[in-house]
Each structure stands twice: as C-alpha cells, then as structure tokens.
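# Tertiary structure, described
Each chain is listed here by its residues.
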There are 2 protein chains.
Amino acid sequence: MNTKYEQPGITVDLAIFTISNNKLKVMLIKRAEEPFRDTWSMPGGFLLHGESLEEAAHRVLCEKTGVKNVYMEQLYTFGDPKRDPRSRVITVAYFALIPWKELDQPESQKVADLTWSAVDGLPKLAFDHKIILNYAVKRLRAKASYSNIVYGLMPKQFRLSELQSMYEIIINDKLDKRNFRKQMLATGLLEETGKKDITGAHRPAMLYQFKKMEIAFFN
Amino acid sequence: MNTKYEQPGITVDLAIFTISNNKLKVMLIKRAEEPFRDTWSMPGGFLLHGESLEEAAHRVLCEKTGVKNVYMEQLYTFGDPKRDPRSRVITVAYFALIPWKELDQPESQKVADLTWSAVDGLPKLAFDHKIILNYAVKRLRAKASYSNIVYGLMPKQFRLSELQSMYEIIINDKLDKRNFRKQMLATGLLEETGKKDITGAHRPAMLYQFKKMEIAFFN
DNA sequence: TATACTAAGTGTATAATGAACACTAAGTAT
DNA sequence: ATACTTAGTGTTCATTATACACTTAGTATA
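Worth saying up front: this structure is predicted, and the values here are computed from it rather than measured.

Parameters at a glance
Residues numbered from 1 in each chain as written. Chains lettered and ligands numbered in written order. Predicted model: local features only at pLDDT ≥ 70, side-chain atom pairs only at ≥ 80, totals over all residues. Heavy atoms only, no water. Near = heavy atom within 4 Å. Polar contact = N/O pair within 3.5 Å; in protein donor to acceptor, adjacent residues only side chain to side chain. Helix = DSSP H or I, 4+ residues; strand = E, 2+ residues; numbered from the N terminus. Nonpolar A, V, L, I, M, F, W, Y, C, P; charged D, E, K, R; others polar. Axes fitted to C-alpha atoms, helices over the stretch in contact; angles between N-to-C directions. Parallel < 35°, antiparallel > 145°, perpendicular 65-115°, else oblique. Left-handed = near helix turned anticlockwise from the far one by under 90°. Contact = heavy atoms within 4.5 Å. Buried area = accessible area lost by both parts, 1.4 Å probe. Salt bridge = Lys/Arg side-chain N within 4 Å of Asp/Glu carboxyl O. Core = buried A, V, L, I, M, F, W, Y, C linked by side-chain atoms within 4.5 Å. Buried < 20%, exposed > 50% of the residue type's maximum accessible area, 1.4 Å probe, protein only. Phe/Tyr/Trp six-rings, centres within 6.5 Å; stacked < 30°, edge-to-face > 60°. Least-squares fit on C-alpha atoms with pLDDT ≥ 70 in both.

This next bit is on the protein's contact with DNA strand D. Within the structure, DNA strand D sits among 21 residues, and Ala201 of chain A together with Ser161, Lys177, His202 and Met206 of chain B are positioned closest to it. Within 4 Å of the protein, the atoms of DNA strand D are drawn from sugar and phosphate moieties in a proportion of 43%. Lys182 of chain A places a polar side-chain atom, nitrogen or oxygen, 3.4 Å from a base nitrogen of DNA strand D. Looking at the surface near DNA strand D element by element, the count peaks at 4 residues for helix H4 (residues 177-186) of chain B. Classifying every residue of the surface near DNA strand D gives 6 nonpolar, 5 polar and 10 charged.

This is the structure:
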C-alpha cells in the first residue's frame, strides 16, 4: 500500500432510536476520553479485524443495549478529513430501532454516562454527531410515511391506538383514528391476536401483531 | 492506533449511468492489474490523503469522463472482510448520472479498456461489483418513480417525448403520453424555452428545460 | 347500583387523484 | 397533392384520500 493513500481508522456510529414518554429519543454516551471528553456522543466503536461493518454495528448495539434482533440499516458514511481532530477516521453510520419495553434500563435508573435524549432537544455533541443524528431523524421520518418501519419500535403485541401514537410521535402530527385504522388494516401486514388488553378503566382493546417482522413499503 | 483495529484501504467506486441507444448503460473499466486482471470493473480509486469521500468520487468521475457538475450521490458502503482478496478494502459506492451528449466519446470510438454496458446484460465483474451495480440500478429505478432525478440524464433542453423516453427506459415500462405530460407539467419543475426542435419530418416540438437543476420529490 | 368517565370501535359522503383512451396539428418527403 | 411522422390536446371513470361523530364495553366512585 502506497503512502499517498489514506488508511484511516474506521468506526461505526449508531443512531439508536426508541420512543418513551411520547417522545422520539436517541441514545447518547458521555465520552470518557479525549477528544470531546465528557461530551455526549453517539454510541460507536472501531471496526475490528476480520469484522464486517454490519457485524461491528451489531456488536456495538449489543454492548450498549444488550439487545439483539432489532431493526438496523446503514445510514450514510461520513468521511470529512477533519471530522476527528486527532487523525483521519471514517465512520459508517447505522440507525437502529428498539422498542422501549425491550430495554432493561427503566428511565429512572439511568446511569451517568448513558442517556436517552429527545431528538428535538439534543445537547452539544462530539465530532459531527449532530449532523449525523439530524440526518438519521430525517430518514426515519421519511421512511415512516411510506413503510411499516415503526414495527421496529413496537412491542410484539400492541393496540392500534398505540401504533397510531407511534406514527404521530415520529411524524410529529396528528392522524385521524378511523382513517388510520382503515389504512393500516388495508396493508394486510397486521393480524389480530385474539387477545385483548384489559388495562385501564375503559373498553378493552384488541391486541394486534405484525404478520412478518420485515420492512414493507406502501403505495 | 491499536493493532486490533482495522486500518483498511478506502476506495470509492462509481456507478456511472447514462442512456444511449434507448438503453440504460453503466460505465465499466477493464482492470489492468491483478487481482481480476482483464476483468471488467466499476471505475474507482483509492482515497487520497486529505481528500473527502465526495472529493475522491468527483476526482475519479472527472478522470474517467472529463465531466464535472453532474448529479452524484452516495449509494452504500461495502465492507465485507473478504471482498478484496489481497487485503482489507472498504469501498464507498457512489452513483452518478451523465447525459450521453456530454460525453466526448461517441460509442463508435470506444477505447479497449472502457465500455458502456447495458445494465441488464452485465459481463462478469471484479470483486463484488455486480452486487453494487445491481443495488445502484435498484436505487435509480426507485428514485425515478418519485423524483425528477432523470434531469441528470437529460441535455439542457429537450422535448417532452425525449423526457418520457428516459423515464420509460429507466423504469422499463411504457407510459401514457397525455398523462405523462399532464403530470410532468403539474410538478412545476419544467419551463418552456420558447425554442422549437425542428429536426425530422414532422411537427416541431417545444423544447423544455428544468427550472432548477436540483433533485425534487413528487407526492 | 346508578352514574360518570375513558378509550375502543365503527361508516359514509365528498374531494382529489390516477388511469384509460383517439383524434387533430404542423411539419417533411415523395 | 398526398402520405408520413411525431407533437399536442380533454374527458370520463375508477380509485384513493379526507373529513367527520356516535355507540360500546369496560372501570371508578358517589
């Protein structure tokens, strides 16, 4: 390999989304080392020998969340020569969706170096992570409108009103209940479980689930 | 940098599309060196010191085509550990669109190590380039259906029938003339030039152009 | 135990959009 | 003058999207 060519470090950085308290949130890690020590950042890590990018992304995800089998896709690759002040580092950004219920850390019990931040109130972030996260939010919002990508944020079984609420939080707008139900059922992606959710002082709701845990596109 | 981390070579590889002879074609280069010597491959090259990914992609594009100011976007990053048999190389793939008329090499005068291959009849390709190109074609076809991305393939001024033909070639299907015209004009992205194309033994056609040379989304 | 409260669940009418379809117009060639 | 070629134009019908309000089935409480 000629020295005129770059041989940068490669990282994967993850935009890990969840919804809690009716807000779209993203996981942030407080950096323990320089540069940007004590600054919030996206969870990420260097690519290891022999590891594919997807493997690296899944490894980092599992390290930080303890969760496997979540929806994840490659987002974009950021390679500005000055994005890391130390040396050349190229990062391949991924975005992942996790149902809040599958995380073992309830919001109260948050550790000091990990937080879930609402996407419309991000703190100062290390490197170019604000650019990356804003790009990820844009992609998630766009994709929510023409696919069933929200399945990645749902528990296995859910009420239609919960599903509607997820959509509303992501696209940040209200939807009509009857039209939403008609459209969702018309996609053929949902099925009744037969079970009912009997919590709350009101009529019980049918619980639904996705037939396949796969992304599908509408239109 | 710790040795357990990868410091791979980084390349950019380009899916450069054009349309000629009513076919969607992609540029291929015959490799002069091992591995895959004498095998067709995507145009590409190693990232140079201090160069951003976009700069590298534009540099390679300009080296191969002599053309600047074309539509280009990042496609995907491919990082399988075994994708290059020599050593670890990660490639950031881009796709670019070039109007056939802007290329200075007419099809007759093709050089031996460069060709334009129809996308539905690709030869054997080096590395994972067939996977990358098929992915690029998929993206182009999808994007053609909900954006004006074809502007990247059009000359500055064109007949509506030419524009329709471009769409038909990309999506590989016939469109209704009257509906196509209605819809395209309804986007508000086109404007009449006032000039007419008087070639051919038939009624002259109004020449149109895009108001802005920017990608815009329908729906 | 009647009444209030809450979220679940359901249908219709109207507007907007998409799809199918055929002839006339304005040139050139013979 | 006639044939030929591509340009250019509207309407009807089907489908889809939108707006909108009441009844149902449970729990809580007075």
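After that view, the rundown keeps rolling.
Residues and elements named next belong to chain A. For the pair helix H2 (residues 129-146) and helix H3 (residues 160-171), interaxial distance at closest approach is 9 Å and the crossing angle is 135°. One finds that H2 runs oblique with respect to H3. The handedness of the crossing between H2 and H3 comes out as left-handed. For the pair formed by H2 and H3, the contact residues are Leu140, Arg141 and Ala144 on the first element and Tyr167, Ile169, Ile170 and Ile171 on the second. Along the lines of polarity and charge, the residues of the contact of H2 with H3 split into 6 nonpolar, no polar and 1 charged.

Counting residues at the interface gives 27 residues for chain B and 27 residues for chain A. Per-residue buried area on chain B facing chain A is highest for Glu6, His49 and Gln74 of chain B; these three make up 20% of the total on that side. Between chain B and chain A we count 0 salt bridges in total. Our count for the chain B to chain A interface comes out at 14 residue pairs in polar contact (both at pLDDT 80 or more). Listed by contribution, the elements that provide at least two residues to the side of chain B that touches chain A are strand S1 (9-20), helix H1 (53-65), strand S5 (71-78) and strand S6 (89-97) of chain B. When residues of the side of chain B that touches chain A are assigned to their parent elements, the largest contribution, 4 residues, is made by S5 of chain B. Tallied by class, the residues present in the side of chain B that touches chain A amount to 13 nonpolar, 9 polar and 5 charged.

Moving on, we come to the nonpolar core. By size, the foremost hydrophobic cluster in this structure holds 46 residues, and its most contacted members are Val12, Leu14, Leu53 and Tyr94 of chain A together with Leu14, Leu53 and Tyr94 of chain B. If near-sequence neighbours (up to four positions away) are discounted, Tyr94 of chain B is found in contact with Val12, Asp13, Leu14, Ala15, Leu53, Glu54, Ala57, Met72, Glu73, Gln74 and Leu75 of chain B. Counting residues in hydrophobic clusters, the runner-up holds 44 residues, among them Met42, Tyr76, Ile132 and Leu189 of chain A.

Inspection of the entire model under this criterion finds 26 aromatic pairs over all chains. Members of the aromatic cluster, each reached through a chain of ring pairs, are Phe17, Tyr71, Phe95, Tyr151, Phe158 and Phe210 of chain A.

Attention now moves to the relation of the copies chain B and chain A. Laying chain B over chain A is done by rotating through 180° and shifting 0.0 Å along the axis; what remains is an RMSD of 0.0 Å. Those values place the two copies in the arrangement expected of a two-fold rotation axis. When each C-alpha of chain B is compared by its distance to the rotation axis, Gln7 of chain B comes out closest, at 2.7 Å. A shared interface surface links the copies, since 100% of the contact residues of chain B are contact residues in chain A too.

If you check the shell around DNA strand C, you find 21 residues, and the closest are Ser161, Lys177, His202 and Met206 of chain A together with Ala201 of chain B. A share of 43% of the atoms of DNA strand C within 4 Å of the protein falls on sugar and phosphate groups. Here a base nitrogen of DNA strand C and a side-chain polar atom of Arg178 of chain B are 3.3 Å apart. Listing elements by their share of the surface near DNA strand C, those giving two or more residues are helix H4 (177-186) and strand S9 (205-210) of chain A together with H4 of chain B. At 4 residues, the largest contribution of residues to the surface near DNA strand C is made by H4 of chain A. A per-class count over the surface near DNA strand C returns 6 nonpolar, 5 polar and 10 charged.

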